[in-house]
Every structure is written in structure tokens, then in C-alpha cells.
Amino acid sequence: MIRVRGLTYTYPNSDKQVLKNITLEVERGETLGIVGPNGAGKSTFCHALMGLVPHFYHGTISGEVIVNGVSVVQSHMGEMCRHVGLVFQEPIHQFSGAKLTVEEEIAFGLENLGVDSATMQERVDWVTALLGLADLRRRNPYELSGGQMQRVAIASVLVLKPQVLVLDEPTSQLDPAGTAEVFAAIEALRAEGVTTVIVEHKVELLVEHCSRIAVLVDGELKALDTPSRVFSRADAEHWGVEIPRYSRAYRALDPASESVPTTLHETVERLRDYELSHRG
Ligand code: ADP
């Protein structure tokens, strides 16, 4: 679904490579999490998946980015919008400013594409049910909670049925309740088979909802593997990314262990095994 090969990128008027020779693939239906310190290139990478890099930002790019069979570099923004949806940190930036109800806001993109009203109705019904927004359809989008707003923002992108959804720190402005709502939405996308890439600092939640984690540090892809394999690596502490608290706690108990759990569920299982093997 996503194939990136040797992606290297430099912004205009700069000599710093912000993405350095990145190669990775994301399968259809996969949920890939991206972590990395501030300035690592995570947002730039998200922008490269939908063509903002290089078509909006310009700069110097090499390598290839293929999304849903289309070359981002050789294509243009209008074309890429049909394949990739991008959700930003602040839901309010995503809103049209022209609509007074949630359902109108969600339908706005379809309206612009001239989609017929029966299809529009069907799509809005589907996405509001999927993201738990059915009861909010008549509400003013600007009077919702942060978590509700972000779900509306996700819905307004998802309603266009992109093959790939990219979420760039979608919970950074949200409280724990709003964050939980967004992760429930991500779980719904997963069940629906949407290919999702998500940049997120809340690592415990990320590892629970992603099949693989990519670690970006200073423009380089340092690791790309299952959460457990990524955070079991000896160099994980040097990346400047948060390590799941369960992994840290388990490592303290069993420093010699080759692999650490990353979620509460895995940790409970591992502790059971640990206790059995150390009993007596
Ligand atoms: P992250 O999302 O991991 O915090 P970014 O992709 O935002 O990282 O930024 C990566 C690097 O690119 C940083 O050094 C940042 O200063 C630089 N950068 C980001 N946007 C621009 C831009 N529009 N022009 C020039 N440099 C930029």
C-alpha cells in the first residue's frame, strides 16, 4: 500500500537533510505508529506521503514514495488527495468554517467533489456510525469537546474513502478522555481495514493499537518492527523517545531478558512466566 525507497529530502534554503534515505513498506490494512524526538522529521514524512512534500514545500527530494500504486513525486496534490487523507493536531484547523452541523461538516468534502446526494447520505451514515458520531450529527462542530471535534475531523477525511489515513499527533491537544475517543476511532479504522499511519507521543496507547512501530531520529529510520522488538533493542534508550512504562518496569525486573513486553496484557503474561521459572 505504501512503499518508500531511499527517501531523502531537504527543505528549500536549507542544507540539512530532514529525511535521510528512508526505506519502508506499510501493508494494506496495517496500522503503523511513528515515534521520534521533536524535529526528527515525523511531520515531514507524513507530508511526503500525501505530496505536500515536495509539491507544496518544494525543496530537494530523491528516492521514491509510492502510495496505492501512485508515485507521489511524479503525481500532484490533487491526485494524491484521492488516495491519502491527512489529519492534523488541531481539529479546528481541519474544519471548513462554512458548516453549522457535524453532518454538513463531514459531507463538505463530498459536496466539493460533486458526489450525488444518495451516495453522500450513505457515506455520512457509514462514517458517523463507525466513529460513534451518530448522536452528534445535528450539533454545531465548534461546540463539541476536543475528542469529539477530532473524531469529526477524522470522519471528514475518512468519508472521502482514502486508501491511506495519516494522523499527525491527533491527540496532542486532547485530554485523556478525548485521547481515548480518538484511539477508539483508530481501532474502528483498523477493524475496517484502513491503512493507517499515526505519529503519536503517547507511546503506551500507540503500542497497543499498532502492528509495527517506526522510530525516526534526526531524519533516520532507526527501527521498524513490532512494538516488542523495537523496545527490546539495547539502543532504545538512546533514541530520545519515550519507552512504554511496562517495558521499563519489566526490564528493571529482568535486565538480562532478550525481549520486553510493551502492553499491560503482555506484561501480566510475562510476569506469570517469570514467576513460574523463578519459583523454588
Ligand atoms: P517532527 O515532526 O519530528 O517534530 P518535522 O518534520 O516537523 O519534525 O521537522 C524536521 C526538521 O525540518 C526540523 O529541523 C524542522 O526545523 C525542519 N522544518 C520543518 N518544516 C520546515 C520548513 N517548512 N522549512 C524548513 N525547515 C523545516
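Residues numbered from 1 in each chain as written. Predicted model: local features only at pLDDT ≥ 70, side-chain atom pairs only at ≥ 80, totals over all residues. Heavy atoms only, no water.

A. Just the site of the ligand, in detail. Within the structure, the ligand sits among Tyr 11, Lys 16, Val 18, Pro 37, Asn 38, Gly 39, Ala 40, Gly 41, Lys 42, Ser 43, Thr 44 and Tyr 57. Within the contact set of the ligand, an oxygen atom lies 2.7 Å away from a backbone nitrogen or oxygen of Gly 39. Here an oxygen atom of the ligand and a side-chain polar atom of Thr 44 are 2.5 Å apart. For the shell around the ligand, the leading source of residues is helix α1 (residues 42–50), giving three residues. (Near = heavy atom within 4 Å. Polar contact = N/O pair within 3.5 Å; in protein donor to acceptor, adjacent residues only side chain to side chain. Helix = DSSP H or I, 4+ residues; strand = E, 2+ residues; numbered from the N terminus.)

B. Representation of the sheet that holds strand β10 (residues 220–225) in the model. One open sheet holds the six strands; their spatial order is β6-β7-β8-β3-β9-β10, and the pairing between them is mixed. For this open sheet the edge positions go to β6 (84–87) and β10, each flanked by a neighbour on one side alone. Shown here is a sheet whose adjacent strand axes are inclined to one another by a mean of 15 degrees, direction ignored. For β6 and strand β7 (residues 164–168), the ladder comprises four bridges, and the chain directions are parallel. In the strand pairing of β7, Leu 86 is matched with Val 166. Where helix α7 (residues 146–158) meets the sheet, its contacts fall on β6 and β7, and the angle it forms with β6 comes to roughly 165 degrees. (Pairing = 2+ DSSP bridges. Axes fitted to C-alpha atoms, helices over the stretch in contact; angles between N-to-C directions. Contact = heavy atoms within 4.5 Å.)

C. Structural detail: the packing of α7 against helix α8 (residues 176–192). The N-to-C vectors of α7 and α8 enclose an angle of 25 degrees; their axes lie 8 Å apart at closest approach. Put simply, α7 runs roughly parallel to α8. The way α7 lies across α8 gives a crossing that is right-handed. Across from Gly 147, Gln 148, Gln 150, Arg 151, Ile 154 and Leu 158 in α7, the residues of α8 making contact are Gly 178, Glu 181, Val 182, Ala 185 and Leu 189. (Parallel < 35°, antiparallel > 145°, perpendicular 65-115°, else oblique. Left-handed = near helix turned anticlockwise from the far one by under 90°.)

D. Geometry of the packing of helix α11 (residues 245–253) against helix α12 (residues 264–278). Contact pair α11 / α12: the axes reach a minimum separation of 10 Å and the direction vectors enclose 15 degrees. Relative to α12, α11 is oriented roughly parallel. Two packed elements cross with a definite hand, and for α11 against α12 that hand is left-handed. For the pair α11 and α12, the contacting residues are Tyr 246, Tyr 250 and Leu 253 in the first and Leu 264, Thr 267, Arg 270, Leu 271 and Tyr 274 in the second. Here the contact of α11 with α12 is built from residues that sort into six nonpolar, one polar and one charged. (Nonpolar A, V, L, I, M, F, W, Y, C, P; charged D, E, K, R; others polar.)

E. Structural detail: the nonpolar core. Counting residues in hydrophobic clusters, the biggest one holds 46 residues, and the most contacted among them are Ile 106, Leu 165, Ile 213, Val 215 and Trp 239. Tallying contributions element by element places α7 first for this core, with seven residues. For Ile 106, the residues in contact, after removing those within four places along its chain, are Val 124, Val 127, Thr 128, Leu 133, Val 152, Ala 155, Ser 156 and Val 159. If you look at the next biggest cluster of nonpolar residues, it comprises 31 residues, including Ile 34, Met 80, Val 164 and Val 166. (Core = buried A, V, L, I, M, F, W, Y, C linked by side-chain atoms within 4.5 Å. Buried < 20%, exposed > 50% of the residue type's maximum accessible area, 1.4 Å probe, protein only.)

F. Region of interest: the packing of aromatic side chains. Considering all chains together, one arrives at five aromatic pairs under this definition. A centroid spacing of 5.0 Å and a plane angle of 75 degrees characterise the contact between Tyr 9 and Tyr 11, whose relative ring orientation is edge-to-face. Its relative accessible area of 25% is what places Tyr 11 among the partly exposed residues. On the numbers, 5.1 Å between centres and 85 degrees between planes, the contact of Phe 56 with Tyr 57 is edge-to-face. Take Phe 56: its relative accessible area is 54%, and that puts it in the exposed class. (Phe/Tyr/Trp six-rings, centres within 6.5 Å; stacked < 30°, edge-to-face > 60°.)

G. Broad picture of the sheet that holds strand β2 (residues 17–26). Taking strand neighbours across the sheet as the criterion, the four strands line up as β2-β1-β4-β5 in an open arrangement whose pairing is antiparallel. The two strands at the open ends of the sheet, each matched to only one other strand, are β2 and β5 (70–71). In terms of strand pairing, strand β4 (residues 60–67) meets β5 through two bridges, oriented antiparallel. Counted as the bridge partner of Ile 66 is Ser 71 from β5. The strands that α1 touches are β1 (2–10), β2 and β4; relative to β1, the one it contacts most, it runs at about 120 degrees.

H. Representation of the pattern of salt bridges within the structure. Following the criterion strictly, the structure yields 16 salt bridges and no others. Note that Arg 3 is salt-bridged to Glu 64, the shortest N-O span being 2.9 Å. In this pair, Arg 3 is assigned in strand β1 and Glu 64 in strand β4, connecting sequence segments 61 residues apart. Residue classification places Glu 64 among the partly exposed residues on the basis of a relative accessible area of 30%. Between Lys 222 and Glu 220 there is a salt bridge whose closest N-O contact spans 3.6 Å. The structure contains a network of salt bridges with shared partners spanning Glu 103, Asp 125, Arg 137 and Arg 138. (Salt bridge = Lys/Arg side-chain N within 4 Å of Asp/Glu carboxyl O.)

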